[in-house]
Every structure is written in structure tokens, then in C-alpha cells.
Amino acid sequence: MDMSDAVIVNSSRLKSIVWNDFDRVKKGDTFVAICRHCKKKLSGSSTSGTSHLRNHLIRCQRRSNHGVAQYFSSKEKKKEGSLALVTIDQEQKKDEVLSIVNRRYEQEQIKNEHVGIGTNSLDQRRSQFDLARMIILHNYPLAMVEHAGFKIFVRNLQPLFELVTCNKVEADCMEIYVKEKQKVYEIFDKLPGKISVSADMWTASDGATAYLSLAAHYIDEDWQLKKKILNFVTIDPSYTVDMHSEVIMNCLMDWDIDRRLFSMIFDSFTSDNIVDRIRDRLSQNRFLYCNGQLFDVRCAVDLLNCMAQDALEALCEVTQKIRESIRYVKGSEATHATFSELADEVQVETKKCLCIDNPLKWNSTYFMLEVALEYRKVFSCLRDREPVSMKFILSDLEWDRLSTITSFLKLFVEVTNVFTRSKYPTANIFFPEICDIHLQLIEWCKNPDKYICSLAVKMRKKFEEYWDKCHVGLAVAALLDPRFKMKLLEYYYPQIYGDSASVLIDEVFECIKSLYNEHSIVSPLASSIDQGLDWQASCIPSSAKDSRDRLMGFDKFLHETCQAEGSNSDIDKYLEEPLFPRNADFNVLNWWKVHTPRYPILSMMARNILGIPISKVASESRFDIGGRVVDRNWSSLLPTTIQALMCAQDWIRSELES
């Protein structure tokens, strides 16, 4: 068609958004829409509608490769506004001038949520939920949906998507939370075992608000260790012990898991009164095994962090001197060159670089001190050469104390890594590591240096408070590891307790038998032998059950001998069999999954014990000095919204990982 005499029609009355990509021209009495990208001509008549124009935009290759468009809004209006469109051709070089063209646009109201375009389709509702899930998953601010840059990106990506407000995306997030919560309810209903719950404290980014996070830990029907955040509730600083315990109990009952609770895991500083009140409530209804003896569990990594803080506090002045020394060495090229020369002269073997620590990560301070110790001779030589400048260098006594206390920190770092990096972080892995720390603390308390000894005594006091609460549960979990069984107790307890070790071992074994007996009561397989005999007796014809039945004595004999043979319980058989060989990739849950038919009752017990999270600290925050912090994008929201976002994020991430 010859368009030489065509006239561009004023588009101010064209309301559809598609006219942002078309020019409407008039040739005689005919209206034509010309694509601004590929110059293709289509009908522009008002009677033709705009569907064919939308279809073309979906297929237009020139449009899809056109570049990046950015709109800069000076003043937003409710339905329309003026934006500047910056078009950057991908073929242009970076130094070429950008062309800015002012263009008006108006969002077209999409009445149908599901719009079909040729072979393509837009599901408006699904797209809105995808957007809400993305915000939940990645901690994005809800307000991002109202950012100009986001609106432009979405319009260029899919012009048919109806943009949503902040309030709308918040409502979508809440709807996702409700649906995901129902899924978690259904998971709990099908669980074959008990649930352990961890309690963790968070703070807002401004430090003004505290939150309590409750998470469920359990082993599912496939013998996989799982975790689900249950609640994320605001805690007022004025709450009393009773109010704290009431908040936790209400959350447990809301999930209907108070009757299925096996243990709870708290921070080391959580008040015993809070724990006692919750345990008493549950014990009244006889929900807890062993009268709640294994209910109160304290976080092992939190204990290590507390002892590490004690060690760093003892090194406070020394650490500051090390920082000043490193700053001096790295402060000028000349000093750094001199330091390197001295390192070569004294033949320092390390190739590690001196660096200042991050005070918010205590392992970072440990690494700084460890490297400084390797350069001890070099620092001493530098002090002799520049006595005035290096006045903050350590004395020999300070170096010796630093060396000793750094060895404490090294053990804490290694054990923390074992707990948080384990491929299978079940409860059985903790006992040997905790016992090693116990033995080390005993030795450290014998140090002739009173300064070191007093530090060791301080740390040992905290450790023994933890040990008194948790050692039985740790020992039971170790016994349920087929590589160790009772042998690990028999190895460590004499070293820790000396002559009284046998008494403590007997106490642990009594707890194990009590646990076993309680599990056998609820086990559907517990009385299989008796049920078989009862069924056998019920099959005897009534005519045979008279005084003349010559085999009645045989029935009695059969019952007695079967009972005698069946007296060898799961736990007896388990302990009598040889230890399973130790290897690095051993998965205790897989072992119990395979051996469940052989040990039906003991496997129930193993499921509940091994699911206890002896550590509840996330791997990425295992060395943090401060507590966990709610992202500032979310901490300003309503408490109900924060809970929905935090819980839904955990559930969606778990689903993606699995």
C-alpha cells in the first residue's frame, strides 16, 4: 500500500495501551495501524478492535529485541501519568547518545482474569501469586510493586499483566500463607512420630521489637529430617514468665501438637521458670515421655558461642593491641615491606595475610588472632626495630596467654562446624563432641596460670549447667547410633566421672528402658505375639474346648514357651549385635529405615530421639555475636503480616529444596 500521502491521526483519544507500539494513520477513508518496531501494517479501523494488534505484539521479533525501556515518572496519578521513555538500542555503543521521547500512557482495565492471545495466554491470578511468592521467597519489600522501574519492566515484559498495589500483593501473600499452612497441618496429621519444637528470639532491624520464632523438627515417614517454622510472634519486653509460657502454649495448641510434643529446645539464657511451666502443663495431661526428663533441651551451638564470648572477653585488651599492630603494619607500604623482610629473616612458614576481624563474627576474631600468633616473632623483631611506633605490641606473657586461649577458640570453631555443617545433623552426632569439650574443660581448669584457670572455671560452670540438663538425652541418642551403642558411654564416662561412672551409665540405661517401655505401650506391634496366640486360640472349634481335649496342656506349653522366647526385646537384640562399621558417609536415619522391621518398637523410639535438634542455630549465623534480625523491608509491617511472610518463606523454601 502506498503510504506517501497518509496522515498520522492524533492519538489522544486512543485509550488502549497497544497504541504505545503503533502509529494510527489515515489513507483516504481507511485507517491503518503501523507497528513502530517492524513497520508492519494492520487494520487500524475502530471496528476492528485491538486484539489483532495484541497478537502481533506477542509475535513481533523486532519488538522483543528492541532493547531496554525505562520510564521516569515525575508525578504519579491514579489512572494516568506522563513518563519519559528511554530507548537504548542493543546495537548502539555505550558512548552513543540516548534518545528520550516523551510518551503518555494509560493502563487499560482488564476485565477477564484469563486472557487468551493466539497460542499464548496470561493467567492474571496465577501471575499475581507468582509475584507474591517471589517477594516472599527473596525478602523483597512489598512496596516494590509500586516502584516505577518495576512497573516499566512488567509492562515491557507482558503488557497484558494488570499491575497490583502494595495492599493487593500483601493480601495475596496472606492467602498463600493460609494455603501453605493447611499443607503443614496435613503433614503433621500423617506423621508417624513425635515433634520437637525449638524456640528462637529475633529482633527488628532497629532493635525496637522482639520476636519469638517457633519451629517444628521431626522425622517424616520416609525417615527424612524436616523442619517447619510454626509461628513468628511479637514478644513484649514487659511479658512475665507466665505470659511467655502462655504464648508458647497457645501456639502449640493452635497447631494441635501439644499432645504430640517430645521436647523443646531453648537458648541457654531462657528462664528455667518458663520451661518448667510449659513442662508442667504438658505433664498434667501425660503427654511427655519419662515424666518430661528429656523435654528441656538447650542449644549446643549457643553454649559454644557463650563460652567463646567468655574467651574473647578475657582477651579484650590483647585483641585491641593486635588490631592496632595490624593497622600499623598495613598503614604504609614501607612498614609493610619491612614486616615482609623480617618475616623472611625469621623464616615464618605461614603464607596467610594479616587482616582485621569482623567484630560481629567471633570466628573472624579467632582467625585474626591465629594468624597474628604465627607472626609472633616478626612482631617482636619489629618492636625492637621501631620501639616508639610499636608501643602497643604484646608482652611475652600476653603472647603466651593469647596462644592458650586461642587454642580454646580453635576447639569451639571446629565443634561448631561439625554441628552446623553435618550432612545428617541428627542428635547422635553431638555426644562425642560435647564429651571432648567436657574433658578439655577439666584439663584447662588445671592450668597453673590463675588467669587462664579462672577463665576455664567460668566456662566450665556454663558447660555443666548445660550438661546437667542435656547429657541423658545426648547419651540416649548416641546409644541409638549402631556404630556406638553403649560402648561410647563406657568409653567417655569413666574419663569424666571416674569411679562413679558405672552409676551414671546405669541411670542412662534406666532412662532408655523406661523410654522403650512407654513406646512399646503405644506400638501397634508391641503385642504381636500375644495377638497371634489369641487368634490361634479363637480358631479352635468349640467342640474341641472341653475337658477331654488332650492338647489343652500343649496350648499352655506353647503360650509359655513363646512368651519366654519373646522376652528378648528389641533393645536386647539391638545391643547384643555387633557394632556397625564407622564411615564418614553413614546415615543413621537410613539405617533405622532399613532395620525398622527388625526393631519395630526401638525404631519408633529412634525416630523421636534422633529428631531432636540439639542445635537450632542456622549454618549462616553460627558465629554471630548478635541475635538474628528481621530484614528491614519486613520489620515495619504488621505483626500478622510478618508472621505470614516468615512462615510462608520457610515452607516454600523447604518445598523447593525437596
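Throughout this document, residue positions are counted from 1 along each chain, in the order its sequence is written. Predicted model: local features are reported for residues with pLDDT of at least 70 only, side-chain atom pairs are reported and counted for 80 or more only, and whole-chain, interface and lining totals are derived from all residues. The basis for every side-chain value is the complete set of non-hydrogen atoms in the structure, without hydrogens or water.

With respect to the overall build of the protein chain
Put simply, DSSP H or I for four residues or longer makes a helix, DSSP E for two residues or longer makes a strand, and each gets a number counted from the N terminus. Summing up its helical and strand segments, the protein chain has 24 helices and 15 strands in all. Three labels apply to residues, based on accessible area from a 1.4 Å probe with only protein chains included: buried if under 20% of the type maximum, exposed if over 50%, partly exposed otherwise in between. Out of the 658 residues in the protein chain, the part that is buried amounts to 45%. Using a 1.4 Å probe, accessible areas were evaluated by the Shrake-Rupley method; residue-level cover was limited to the displayed protein chains. When the accessible surface of the protein chain is totalled, it reaches about 35,300 Å², and 51% of it is carbon and sulfur.

Topic: the packing of aromatic side chains
The pairing test for Phe, Tyr and Trp rings, Trp by its six-membered ring, is centres within 6.5 Å, and the orientation test on the planes gives stacked under 30 degrees, edge-to-face over 60, and tilted for anything in between. Considering all chains together, one arrives at 32 aromatic pairs under this definition. On the numbers, 5.8 Å between centres and 90 degrees between planes, the contact of Phe 188 with Tyr 218 is edge-to-face. Here Phe 188 is found in helix 5 (residues 166-190), whereas its partner Tyr 218 is found in strand 11 (residues 210-219), with 30 residues between them in sequence. Here the aromatic rings of Trp 255 and Trp 651 are separated by 6.1 Å at their centres, their planes lie at 80 degrees, and the arrangement is edge-to-face. A residue pair is termed long-range when its members are at least 10 positions apart, and Trp 255 in the loop between helix 6 (241-254) and strand 13 (261-266) and Trp 651 in helix 24 (residues 639-657) qualify at 396 residues.

Remarks on the environment of Ser 502
Residue placement: Ser 502 occurs in helix 17 (residues 501-522). Along the backbone, Ser 502 and Glu 490 are twelve residues apart, and their C-alpha atoms lie at a distance of 8.2 Å.

Remarks on the environment of Leu 142
Positionally, Leu 142 belongs in the loop between helix 3 (124-138) and helix 4 (148-157). For Leu 142, a relative accessible area of 3% corresponds to the buried category. Here, two residues are considered to be in contact whenever any of their heavy atoms come within 4.5 Å of each other. Aside from chain neighbours lying at most four places away, what touches Leu 142 is Ile 135, Cys 166, Val 169, Glu 170, Cys 173, Leu 637 and Thr 641.

Thoughts on the packing of helix 9 (residues 316-330) against helix 11 (residues 362-374)
It is at 11 Å that the axes of helix 9 and helix 11 come closest, and there the two elements cross at 65 degrees. Taken together, the axes of helix 9 and helix 11 lie roughly perpendicular to each other. Crossing handedness for the pair helix 9 and helix 11: left-handed. Residues Thr 319, Ile 322, Arg 323 and Ile 326 of helix 9 pack against Thr 365, Met 368, Leu 369 and Ala 372 of helix 11. In this analysis, axes come from line fits to C-alpha atoms, helices being fitted only over the stretch in contact, and the angle between any two N-to-C directions falls in the range 0 to 180 degrees. Note on terminology: angles under 35 degrees are roughly parallel, angles over 145 are roughly antiparallel, angles of 65 to 115 are roughly perpendicular, and the others are oblique. Two helices crossing with the near one rotated counterclockwise from the far one by less than a right angle form a left-handed crossing, whereas a clockwise rotation gives a right-handed crossing.

Section: the pairing of strand 2 (residues 22-27)
Walk down a regular strand and you will see the side chains alternate between the two sheet faces. Strands are treated as partners if at least two bridges between them are detected by DSSP. Here strand 2 pairs with strand 3 (residues 30-35) via six bridges, running antiparallel. Looking across to strand 3, one finds that Phe 22 is bridged to Cys 35. Between strand 2 and strand 3, which pair antiparallel one after the other, the connecting turn spans two residues, and Gly 28 there sits at a positive phi close to 70 degrees.

What to know about the environment of Leu 315
Tracing the sequence through the fold places Leu 315 in the loop between helix 8 (300-314) and helix 9. By relative accessible area, Leu 315 is classed as buried at 2%. With 90 residues separating them along the chain, Leu 315 and Ile 405 place their C-alpha atoms 7.9 Å apart. Setting aside residues no more than four positions away along its own chain, Leu 315 makes contact with Leu 369, Arg 401, Leu 402 and Ile 405.

Some details on the pattern of salt bridges
For this analysis, a salt bridge means a side-chain nitrogen from Lys or Arg found within 4 Å of a carboxyl oxygen belonging to Asp or Glu. Taken as a whole and judged by the stated rule, the model has 35 salt bridges. Of the charged contacts, one joins Lys 616 and Asp 267 as a salt bridge, the two residues approaching to 2.5 Å between their closest N and O atoms. Here Lys 616 is found in the loop between helix 22 (600-610) and strand 15 (628-629), whereas its partner Asp 267 is found in the loop between strand 13 and helix 7 (272-284), with 349 residues between them in sequence. Overall, Lys 616 belongs to the buried group, its relative accessible area being 10%. We note a salt bridge from Lys 361 to Asp 624, for which the minimum N-O separation is 2.4 Å. Taken as a pair, Lys 361 in the loop between helix 10 (333-345) and helix 11 and Asp 624 in the loop between helix 22 and strand 15 lie far apart in primary sequence, 263 residues in all.

Examining the pairing of strand 3
Where strand 3 lies against strand 4 (residues 41-43), three bridges are found, and the strand directions are antiparallel. Each residue of the ladder has a partner; that of Val 32, found in strand 4, is Ser 43. Hairpin connection of strand 3 to strand 4: five residues between the antiparallel strands, including Lys 39 at a positive phi of 65 degrees.

Describing the nonpolar core
Considering soluble globular proteins, one finds that nonpolar side chains tend to be buried as a cluster. Each nonpolar core is a collection of buried residues, namely Ala, Val, Leu, Ile, Met, Phe, Trp, Tyr and Cys, held together in the definition by side-chain atoms within 4.5 Å. Core analysis: the biggest nonpolar cluster contains 110 residues, and Ile 322, Phe 412, Phe 431, Val 476, Leu 515 and Trp 592 have the highest contact counts within it. If sequence neighbours within four positions are ignored, Leu 515 has contacts with Phe 262, Tyr 289, Cys 290, Leu 294, Val 476, Met 605 and Ile 609. Core analysis: the second largest hydrophobic core is formed by 67 residues, Val 164, Ile 195, Ile 235 and Leu 288 among them.

Let's talk about the packing of helix 15 (residues 450-479) against helix 17
Contact pair helix 15 / helix 17: the axes reach a minimum separation of 10 Å and the direction vectors enclose 70 degrees. Taken as axis vectors, helix 15 and helix 17 run roughly perpendicular relative to one another. Touching His 471, Val 472, Ala 475, Val 476 and Leu 479 of helix 15 are Leu 504, Val 508, Cys 511, Ile 512 and Leu 515, all from helix 17. Within the contact of helix 15 with helix 17, the residues separate by chemical class into nine nonpolar, one polar and no charged. Side-chain classes are defined by residue name, with Ala, Val, Leu, Ile, Met, Phe, Trp, Tyr, Cys and Pro counting as nonpolar, Asp, Glu, Lys and Arg as charged, and the others, Gly among them, as polar.

Considering the confidence of the model for the protein chain
The predictor rates its confidence in each residue with pLDDT, a number between 0 and 100. When the pLDDT values of the protein chain are averaged, the result is 84; 82% of them are 70 or greater. Confidence drops under pLDDT 50 across residues 66-119; counting only partners more than four residues distant or on other chains, this segment forms 89 contacts.

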